[in-house]
Amino acid sequence: MKRALLVCAVLVGAILYFVPSAGASELLGNGGFESGSLSPWSCSAGSVVSSPVHSGGKALAGAASNSDNAQCTQTVAVQPSSAYTLSAWVRGNYVYLGVTGG
């Protein structure tokens, strides 16, 4: 099984989905941050907030600065030779959403 490392540097708010293209269930843990904590995400400068949100009651807020880009990552197990969709709703001036190692 290959693993993909999701990277998200977010200024304010994110709801993330990483799903197989065939429509199976979401692979991300706590993709909408509704648990109220960052786990299982690893964030350099992020927190879970109640406002502003896009849907649900929580969102990710990154606190990017000159010395920290507020990067959040999560490792997700994926299958070789399979297609996946990564999408997010974001609000802010600086956002990078991507996959490394996949």
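Refer to the structure above for everything that follows.
Residues numbered from 1 in each chain as written. Predicted model: local features only at pLDDT ≥ 70, side-chain atom pairs only at ≥ 80, totals over all residues. Heavy atoms only, no water.

What to know about the packing of aromatic side chains
A ring pair, where both rings are aromatic, is described by two values, the distance of the centres and the angle of the planes.
Next, step 1: Considering all chains together, one arrives at one aromatic pair under this definition.
Next, step 2: Between the aromatic rings of Phe33 and Trp41, the centroid separation amounts to 5.6 Å while the plane-to-plane angle is 35°, which identifies the pairing as tilted.
Next, step 3: Classification of Trp41 by relative accessible area gives buried; the value is 7%. (Phe/Tyr/Trp six-rings, centres within 6.5 Å; stacked < 30°, edge-to-face > 60°. Buried < 20%, exposed > 50% of the residue type's maximum accessible area, 1.4 Å probe, protein only.)

Description of the environment of Val48
Next, step 1: Relative to the helices and strands, Val48 is located in strand E3 (residues 46–49).
Next, step 2: Assessed through its relative accessible area of 22%, Val48 is described here as partly exposed.
Next, step 3: Along the sequence, Val48 and Gly62 sit 14 residues apart, while their C-alpha atoms lie 8.8 Å from each other.
Next, step 4: Once residues within four sequence positions are removed from consideration, Val48 is found in contact with Phe33, Gly36, Ser37, Leu38, Lys58 and Ala59. (Helix = DSSP H or I, 4+ residues; strand = E, 2+ residues; numbered from the N terminus. Contact = heavy atoms within 4.5 Å.)

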